[in-house]
Amino acid sequence: MKFQFSEKKVKLPGNVHAYAEKKVMKLSRYFEEDAQALIVFSVEKNRNNVELTVHGAGTWFRAHESTSDMFASIDAAVGTIEGQIRKNKTRLARRLRQDAFVKATEETSFAADDKEEDLSIVRIKKFAFHPMSREEAVLQMNLLEHNFFAFRDEDNNGAFAVVYRRNDGGYGLIEDET
């Protein structure tokens, strides 16, 4: 697994990076060797934040944890991603490493009450995507009181795009690469 560390508003000693690498390596049993982990450390209002993003097997996993101790935040973020993997293990078994869950079942017994959530589509809407500016798309999203809005981006030659409301109150844009 390849690691990338980033620090925002904080300068951490090397032992924190080493601890994070050691803990995140526990997740390597689920992924091939080409998996990548991005760990972002930050401190805000006396809270130690860790944002862990793992990319492997064409799947992205993300966890954000905030505690009063940086080491506890690292542990919590790794635990969150492990929980995501366990919760969706039957769906992920085809994408992740073949023997990923063999070790996991030997080491940990999963509770019988871990029910797989239903991912069936319950409603389909048809919508004509009109070219519009990004600002117009944000305005339309706000008028509809939605958290996202799909549109054709006239600033990007009519490519498919999605604007969304971020947890921090700002807005994000997802663009088609092609």
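Please read all numbers here as calculations on a predicted model, not as lab measurements.

### Focus on the packing of aromatic side chains
Then, number 1: The full count for this structure, using the stated rule, is four aromatic pairs.
Then, number 2: Each ring, one from Tyr19 and one from Phe71, has its centre 4.9 Å from the other, and the planes form 85 degrees; the classification is edge-to-face. Of this pair, Tyr19 sits in helix H1 (residues 14-24) while Phe71 sits in helix H2 (residues 70-87), placing them 52 residues apart in sequence.
Then, number 3: Aromatic pair Phe129 and Phe160: ring centres 5.5 Å apart, planes at 85 degrees, arrangement edge-to-face. Residue Phe129 is located in the loop between helix H4 (100-107) and strand S5 (131-132), and its partner Phe160 is located in strand S7 (residues 159-165); the two are separated by 31 residues in the primary sequence.
Then, number 4: Under the relative-accessibility criterion, Phe129 is labelled partly exposed at 32%.
Then, number 5: With a relative accessible area of 36%, Phe160 lands in the partly exposed category.

### Here's the deal with helix H5 (residues 134-144)
Then, number 1: Among all positions in H5, only Ala137, Val138 and Met141 are buried. Take H5 and look down its axis: the buried residues cluster within an arc of 100 degrees, on one side only. For H5, exposure combined with an orientation more than 90 degrees from the buried face picks out Glu135 and Leu143.
Then, number 2: Just downstream of H5 lies Glu145, where phi reads positive at about 60 degrees.

### Comments concerning a negative patch on the surface
Then, number 1: Residues Glu135, Glu136, Glu154 and Asp155 make up a contiguous surface patch of negative charge.
Then, number 2: With respect to the element layout, Glu135 can be found in helix H5.

### Some remarks on the pairing of strand S1 (residues 2-8)
Then, number 1: Bridge count for S1 against strand S2 (residues 36-44) is seven bridges, and the pairing is parallel. In the strand pairing of S2, Lys8 is matched with Ser42.
Then, number 2: Handedness of the β-α-β unit built from S1, H1 and S2 comes out left-handed.

### What about the sheet that holds strand S3 (residues 47-56)?
Then, number 1: Within the open sheet, the four strands sit side by side as S1-S2-S3-S4. Their pairing is mixed. Strands at the two margins of the open sheet, each flanked by one partner only, are S1 and strand S4 (59-67). Across the sheet, the mean angle from the axis of one strand to that of its neighbour is 15 degrees, orientation sign disregarded.
Then, number 2: The strands touched by H2 are S2, S3 and S4; relative to S4, the strand with the most contacts, the crossing angle is about 145 degrees.

### Focus: the pairing of S7
Then, number 1: In the sheet, strand S6 (residues 148-153) pairs with S7 via six bridges, with the strands oriented antiparallel. Its bridge partner being in S7, Phe151 is matched across the sheet by Ala161.
Then, number 2: The pairing of S7 with strand S8 (residues 171-175) spans five bridges and is classified as antiparallel. Looking at the pairing, Val163 lines up with Leu173 of S8.
Then, number 3: Turn length for the S7-S8 hairpin, with the two strands adjacent in sequence and antiparallel, is five residues, and the turn residue Gly169 shows positive phi of about 95 degrees.

Parameters and conventions
- Residues numbered from 1 in each chain as written.
- Predicted model: local features only at pLDDT ≥ 70, side-chain atom pairs only at ≥ 80, totals over all residues.
- Heavy atoms only, no water.
- Phe/Tyr/Trp six-rings, centres within 6.5 Å; stacked < 30°, edge-to-face > 60°.
- Helix = DSSP H or I, 4+ residues; strand = E, 2+ residues; numbered from the N terminus.
- Buried < 20%, exposed > 50% of the residue type's maximum accessible area, 1.4 Å probe, protein only.
- Arc of directions from axis to C-beta.
- Patch = residues over 30% accessible without salt bridge, like charges linked within 9 Å, V, L, I, M, F, W, Y side chains within 5 Å.
- Areas by Shrake-Rupley, 256 points an atom, 1.4 Å probe, with all protein chains shown as cover.
- Salt bridge = Lys/Arg side-chain N within 4 Å of Asp/Glu carboxyl O.
- Lys, Arg positive; Asp, Glu negative; His and termini not counted.
- Charge placed at Lys NZ, Arg CZ, Asp CG, Glu CD.
- Pairing = 2+ DSSP bridges.
- Right-handed = clockwise from strand over helix to strand, strands pointing away.
- Axes fitted to C-alpha atoms, helices over the stretch in contact; angles between N-to-C directions.
- Contact = heavy atoms within 4.5 Å.

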